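# Coordinates in review
Given next are the chains, with one letter for each unit.
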Amino acid sequence: MTSTRAFIFPGIRSRVVFGAGTLSQLAPEMERLGRKRALLLATPQQRNDVDALADRLGSATAGVFAGAVMHTPVDVTREAVAAYAQSGADCVIALGGGSSIGLGKAIALRTGADQIAIPTTYAGSEMTDILGETSAGEKTTRRDPAILPETVIYDVDLTLSLPKEMTVASGLNAIAHAAEALYAPDRNPILSLMAADAVRAFAAALPVLVADPFDRGARADALYGAWLCGAVLGGASMSLHHKLCHTLGGSFDTPHAQTHAILLPHTIGFNAAVAGDLLAPISAALGGATPGKALHRFAARLGAPTRLRDFGLTEADLDRAAAIAVKNTYANPRAFGQAEIRALLQDAWACTEPPL
Ligand code: NAD
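Residue positions are counted from 1 within each chain, in the order its sequence is given. Per-residue local features of the predicted model are confined to residues with pLDDT of at least 70, and side-chain atom pairs are confined, for both listing and counting, to 80 or more; whole-chain, interface and lining totals are unaffected and use all residues. Working from all heavy atoms in the structure, the side-chain values ignore hydrogens and water.

## Things to note about the overall build of the protein
Secondary structure counts use DSSP, requiring at least four H or I residues in a row for a helix and at least two E residues in a row for a strand, with both numbered from the N terminus. Secondary structure assignment for the protein yields 13 helices and 8 strands. Referenced to the eigenvectors of the C-alpha coordinate spread, the extents of the protein come out at roughly 60 × 40 × 40 Å. In what follows, residue pairs with any heavy atoms lying within 4.5 Å of each other are defined as contacts. For the protein, the proportion of contacts with a sequence separation of at least 24, taken over those separated by at least 6, is 76%. Charge-centre separation for the protein: the mean point of 30 positive side chains lies 3 Å from the mean point of 33 negative side chains. Charged residues are defined narrowly, with Lys and Arg counted positive, Asp and Glu counted negative, and His plus the chain ends left uncounted. The atom standing in for a charge is NZ when the residue is Lys, CZ when it is Arg, CG when it is Asp and CD when it is Glu.

Written out as structure tokens, the structure reads:
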């Protein structure tokens, strides 16, 4: 595969406020949208943070719903939509990682509410018009302009509390967006530049954060990388890596960021065989002869999760996952069948270094 000069750049439509202490911009940003009262959303684990935010907003707080959970189950969304209607809010503010932001998107899709997202992980959902929802053990994904948050406030200070393990896994989750954007069938030069800069930012930040999670400069670099990765996720189609993570998360309930972290060296190593120089920014930023090996060694150096077997998956589960993963067709640089996917999953289960 080689770079192409024929492309469509879809644009980047969200308003982004980035910096340290930017939470102070929340009230003016709400006003800018012409909104008066917000329903605040978070996970139960971030209840204290969202309560503090509610106090800070004062009369602009219509209510708090701290029941967001991973993979956006539709029964939780139903409850949250009822809370939104009852509160008399005219917008939602999601504080947290992809779980809180996913709930905000699900409410917006059903009610037309404006959203302000305040991300505190590196997952990147805040920059996309994509919503994945689960019902009866199946995850379905859709894209719709109504899903995209109107405003995103990135406040570096809010990421200082992200635990080290989640920092590493979430950082690798973000790098996964950049990696797949580099070979996406609808890639374009702007998104490729952003993806390459994002990988560089994480390559510099994550080792520092493993040593000191409170390093503010590294936190700023990582959040900047997360913004870039979220934007490329929103602008380019994802392939094998994201589809496999989606399968494992939706059907086996594996944790989102950790699943990305474990699979990434293997999926990228698999596609590196046909990606030509498109993945060169990965090996260049992380240092390594090939992209898969570079990611594998970077993850190991950071102490990232590296084995699917540690997340309760059995080898029989791998058979089922490989069968589910080939049910639908989608663009991927390298052709594959069920046997190739099963072999790739085996390597990710046992932490075998990818060949490329
Ligand atoms: P998460 O939002 O579930 O967060 C993981 C845990 O960390 C939660 O308990 C959360 O409360 C806590 N946490 C978050 N930030 C913290 C902080 N700064 N300090 C302390 N604790 C903190 O995990 P995630 O990986 O960010 O998001 C995963 C979800 O997002 C999945 O459902 C995934 O499908 C979705 N997602 C969607 C998109 C999209 O574009 N649609 C993109 C990425 C992720």
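## Section: helix H11 (residues 291-302)
Residue count minus one, scaled by 1.5 Å, sets the expected span of a helix. In this model, H11 (12 residues) spans 16 Å end to end at C-alpha, consistent with the 16 Å of a helix rising 1.5 Å per residue. For H11, the secondary structure elements touched by its buried residues are helix H5 (164-182), helix H6 (189-211), helix H9 (256-272) and helix H10 (280-286). Trailing H11 by a residue or two, Gly 303 shows a phi angle of about 75°, which is positive.

## A closer look at the domain arrangement of the protein
Throughout, the edges of the domains are those of an automatic or database domain assignment. Split by domain assignment, the protein resolves into domain 1 (15-159) and domain 2 (164-350). Look at where the C-alpha atoms of domain 1 and domain 2 centre, and you get two points 25 Å apart. The interface of domain 1 with domain 2 comprises 22 residues on the first partner and 31 residues on the second. The term salt bridge refers to a side-chain nitrogen of Lys or Arg lying within 4 Å of a carboxyl oxygen of Asp or Glu. Taken together, domain 1 and domain 2 are joined by 1 salt bridge. Here Asp 157 and Arg 216 are joined by a salt bridge, their closest N and O atoms 2.7 Å apart. Polar contact is the term for a pair of N or O atoms within 3.5 Å; when the atoms are in protein, one must be able to donate a hydrogen and the other to accept it, and sequence-neighboring residues count only if both atoms are side-chain atoms. For the pair domain 1 and domain 2, the interface holds 9 residue pairs in polar contact (both at pLDDT 80 or more). In terms of residues, the side of domain 1 that touches domain 2 owes the most to one element, strand E7 (residues 138-143), which gives 4 residues. A per-class count over the side of domain 1 that touches domain 2 returns 10 nonpolar, 7 polar and 5 charged. Only Asp, Glu, Lys and Arg are considered charged in this grouping, and only Ala, Val, Leu, Ile, Met, Phe, Trp, Tyr, Cys and Pro are considered nonpolar; every other residue, Gly among them, is considered polar.

## Side note on the site of the ligand
The ligand sits among 24 residues. The nearest are Thr 43, Ser 99, Thr 120, Thr 121 and Thr 128. In the model, an oxygen atom of the ligand is placed 2.7 Å from a nitrogen or oxygen of the His 71 main chain. Within the backbone of Gly 98, one N or O atom sits 2.8 Å away from an oxygen atom of the ligand. The Shrake-Rupley method, run with a 1.4 Å probe, gives the accessible areas here. Residue values count only the displayed protein chains as cover. Within the complex, the protein chains bury 87% of what would otherwise be the 860 Å² of accessible surface of the ligand. Summary of the distance rule: residues count as near a molecule or strand when at least one heavy atom falls within 4 Å of that molecule or strand.

## Section: helix H8 (residues 240-252)
Across its 13 residues, H8 extends 17 Å between first and last C-alpha, which sits within 8% of the 18 Å expected from 1.5 Å per residue. Within H8, 10 of the 13 residues are buried, which leaves it mostly tucked inside the rest of the structure. Burial classes: relative accessible area under 20% of the type maximum marks a residue as buried, over 50% as exposed, and values in between as partly exposed (1.4 Å probe, protein chains only). All of the buried residues in H8 are Leu 240, His 241, His 242, Leu 244, Cys 245, Thr 247, Leu 248, Gly 249, Gly 250 and Phe 252. Elements in contact with the buried residues of H8: E7, H5, helix H7 (216-235), H9, helix H12 (315-325) and helix H13 (338-350). Just downstream of H8 lies Asp 253, where phi reads positive at about 55°.

## Quick notes on the pairing of strand E6 (residues 130-135)
Counting buried positions over the 6 residues of E6 gives 5, a clear majority of the element. The sheet contact formed by E6 and E7 spans 6 bridges and is antiparallel. Looking across to E7, one finds that Thr 134 is bridged to Lys 139. From the end of E6 to the start of E7, which pair antiparallel, there are 2 residues, and Ala 136 there has a positive phi angle of about 50°. By definition, two strands form a pair when at least two bridges between them are found by DSSP.

## As for the packing of aromatic side chains
Between the rings of Phe, Tyr and Trp (Trp by its six-membered ring), a pair exists once the centres lie within 6.5 Å; its type follows the angle of the planes, with under 30 degrees stacked, over 60 edge-to-face, and the other angles tilted. What the rule picks out here adds up to 4 aromatic pairs. Consider the rings of Phe 18 and Tyr 154, whose centres lie 5.6 Å apart with planes at 40°: the pair is tilted. Here Phe 18 is found in strand E1 (residues 15-19), whereas its partner Tyr 154 is found in strand E8 (residues 151-155), with 136 residues between them in sequence. Residue classification places Tyr 154 among the buried residues on the basis of a relative accessible area of 0%. Measuring from centroid to centroid gives 6.2 Å for Tyr 224 and Trp 227, while their planes differ by 50°, and the two rings are tilted. Within this pair, Tyr 224 and its partner Trp 227 are both found in helix H7, separated by 3 residues, close to a single helical turn. Note that Arg 309 overlies the ring of Trp 349, its terminal NZ or CZ placed 4.5 Å from the centroid. As a reminder, the over-ring test applies to NZ of lysine and CZ of arginine, requiring each to be within 6 Å of the ring centre and within 35 degrees of the ring normal. The residue whose ring lies beneath Arg 334 is Phe 270, and the NZ or CZ to ring-centre distance is 3.9 Å.

## A closer look at empty space enclosed by the protein
A 1.4 Å probe that fits into a set of points on a 1 Å grid over the protein atoms alone but cannot get out defines a cavity; an open set with protein on both sides within 12 Å along at least five of seven lines defines a pocket, and lining residues are those with an atom within 4 Å of a point. Grid points are joined across faces, edges and corners, and a volume is the space filled by probe spheres set on the points. Under the counting rule described, the total for this entry stands at 1 cavity of 30 Å³ or more. Approximately 40 Å³ is the volume found for the largest cavity. As for the largest cavity, its lining consists of Ala 261, Ile 262, Pro 265, His 266, His 296, Ala 299, Pro 305, Thr 306 and Cys 351. Every element with two or more residues in the lining of the largest cavity is listed here: H9 and H11. Examining the composition of the lining of the largest cavity, we find that 4 residues originate from one element, H9, more than from any other. Of the residues assigned to the lining of the largest cavity, the class counts are 6 nonpolar, 3 polar and no charged.

## Points about the pattern of salt bridges
The final tally for this structure, using the stated rule, is 13 salt bridges. The residue Arg 142 makes a salt bridge to Glu 133 at a minimum N-O spacing of 3.0 Å. Among the residues examined, Glu 133 registers a relative accessible area of 4% and is labelled buried. As a salt-bridge pair, Asp 197 and Arg 200 come within 3.2 Å of each other at their nearest N and O atoms. Here Asp 197 and its partner Arg 200 are both found in helix H6, 3 residues apart, which amounts to about one turn of the helix. Looking at Asp 197, the relative accessible area reads 26%, which means it is partly exposed. Here Arg 200 falls in the partly exposed class, since its relative accessible area comes to 46%. Linked by salt bridges that have partners in common, Arg 13, Asp 129 and Arg 143 make up one network.

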